[in-house]
Amino acid sequence: CDEHYYIGIYEGYVALFKGQPGLESTLVEKTDILSDVLREDDRRLLEQGLIINDKQEFLKIREGLTN
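Residues numbered from 1 in each chain as written. Predicted model: local features only at pLDDT ≥ 70, side-chain atom pairs only at ≥ 80, totals over all residues. Heavy atoms only, no water.

Peer 1: Hey, could you run me through the sheet that holds strand S2 (residues 13–19) in this one?
Peer 2: Two pairing modes exist for strands in a sheet, parallel and antiparallel, and in both the strands are linked by backbone hydrogen bonds. An order of S3-S2-S1-S4 is seen for the four strands of this open sheet, with the pairing classed as antiparallel. Each end of this open sheet is capped by a strand with a single partner; those strands are strand S3 (25–34) and strand S4 (50–52). Strand-to-strand twist in this sheet, taken as the mean axis angle between neighbours without regard to direction, amounts to 30°. Bridge count between S2 and S3: six bridges; the pairing is antiparallel. What sits directly across from Ala15, in S3, is Lys30. Of the strands in this sheet, strand S1 (5–10), S2 and S4 are in contact with helix H1 (residues 40–48), which crosses S1 at around 110°. Across the sheet, helix H2 (residues 55–65) touches S1, S2, S3 and S4, and the angle it forms with S3 is around 25°. (Pairing = 2+ DSSP bridges. Helix = DSSP H or I, 4+ residues; strand = E, 2+ residues; numbered from the N terminus. Axes fitted to C-alpha atoms, helices over the stretch in contact; angles between N-to-C directions. Contact = heavy atoms within 4.5 Å.)

Structure follows, in structure tokens:
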């Protein structure tokens, strides 16, 4: 569904995608957060793709990953 977003890993960085993990999706934003610096649990979750509702949720999660 094009109305869904998910957070994943793109070229070693945390990124926001439109679509669903494992299916056709579009890169929306690549952050400057390296996946290598994430906690192991967070990295595994994002490697699978974390489905979120909107960009606001992405901003909150991204902030949490950097703290």
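Peer 1: Honestly, the packing of aromatic side chains in this entry has me stumped. Any pointers?
Peer 2: One pair of aromatic rings is described through two measures. These are the centre distance and the angle between the planes. Summed over all chains, the structure comprises two aromatic pairs. An angle of 15° between the planes, with centres 4.9 Å apart, marks the rings of Tyr6 and Phe17 as stacked. Residue Tyr6 is located in strand S1, and its partner Phe17 is located in strand S2; the two are separated by eleven residues in the primary sequence. Taking relative accessible area as the criterion, Phe17 reaches 9% and is therefore assigned buried. Centre to centre, the rings of Tyr10 and Phe17 are 6.3 Å apart; their planes meet at 75°, and the pair counts as edge-to-face. Among the aromatic side chains, those forming a connected cluster through ring pairs are Tyr6, Tyr10 and Phe17. (Phe/Tyr/Trp six-rings, centres within 6.5 Å; stacked < 30°, edge-to-face > 60°. Buried < 20%, exposed > 50% of the residue type's maximum accessible area, 1.4 Å probe, protein only.)

Note that every value here comes from positions in space, so none of it alone points to a role or purpose.
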